[in-house]
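So the chains spell out like this:
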Amino acid sequence: MARIFHESNRGEEALSWYQKAIDVSSDPLAKWRPFSMLHKAEIYSDMGEKARALRILKDLGRIKSAYDFRSSIENRSRLLRESLDEY
């Protein structure tokens, strides 16, 4: 649901659904929590809420355990941080 709302430019609803994915206890190797954090940061960035986006990216960087697609998420996170630093 989060991705559907996100792609439909319905950021507030997407944020709510991404948060549900973050909060749910699931497989610690699953990608859903980190991907949801990354997407939330992207939405906050698009909304001009740089501090919130950076906070989420910082929390995302603190995840030390292995998870699916980690390198992809880390790369996208780095690119988003760099774009926020340009502002």
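Coordinates for the structure precede this section.
Note that this is a predicted model, so its numbers are computed, not measured. (Residues numbered from 1 in each chain as written. Predicted model: local features only at pLDDT ≥ 70, side-chain atom pairs only at ≥ 80, totals over all residues. Heavy atoms only, no water.)

(A) Summary view of the environment of K40. Structurally, the position occupied by K40 is in helix α3 (residues 32-46). Classification of K40 by relative accessible area gives buried; the value is 10%. Those residues in contact with K40 that lie beyond four places of it in its chain are L15, Y18, Q19, I22 and I56. (Helix = DSSP H or I, 4+ residues; strand = E, 2+ residues; numbered from the N terminus. Buried < 20%, exposed > 50% of the residue type's maximum accessible area, 1.4 Å probe, protein only. Contact = heavy atoms within 4.5 Å.)

(B) Geometry of helix α4 (residues 50-61). Taking 1.5 Å per residue as the helical rise, α4 with its twelve residues ought to reach 16 Å, and the 16 Å between its terminal C-alpha atoms agrees with that figure. Among the residues of α4, those classed as buried are A53, I56, L57 and L60. Within α4, the buried residues cover an arc of 100° as seen down the axis, which keeps them to one side. Exposed positions of α4 whose direction lies more than 90 degrees from the buried face are A51 and K58. In this structure, the buried side of α4 is in contact with α3 and α5 (70-85). (Expected span 1.5 Å × (residues − 1). Arc of directions from axis to C-beta.)

(C) Broad picture of the nonpolar core. Ranked by internal contacts, the top residues of the largest apolar core, which has 21 residues, are M37, L38, A41, L57, L60, I73 and L80. If you tally residues by element for this core, the top one is α3, at six residues. With near-sequence residues (within four places) excluded, L80 lies in contact with L38, A41, E42, S45 and L57. (Core = buried A, V, L, I, M, F, W, Y, C linked by side-chain atoms within 4.5 Å.)

(D) Representation of the side chain of H6 within the structure. Mapped onto the elements of the fold, H6 is located in helix α1 (residues 2-7). A distance of 2.8 Å separates polar atoms of two side chains, one belonging to H6 and the other to Y18. Once residues within four sequence positions are removed from consideration, H6 is found in contact with A14, Y18, H39, E42 and I43. (Polar contact = N/O pair within 3.5 Å; in protein donor to acceptor, adjacent residues only side chain to side chain.)

(E) Summary view of the pattern of salt bridges. Throughout the structure, instances matching the rule amount to seven salt bridges. For E42, the salt bridge is made with R76, and the minimal N-O distance between the two is 3.1 Å. Residue E42 is found in helix α3, and its partner R76 is found in helix α5; the two are separated by 34 residues along the sequence. With its nearest N and O atoms 3.1 Å apart, the salt bridge here joins R52 to E49. Judged by its relative accessible area of 37%, R52 falls in the partly exposed class. (Salt bridge = Lys/Arg side-chain N within 4 Å of Asp/Glu carboxyl O.)

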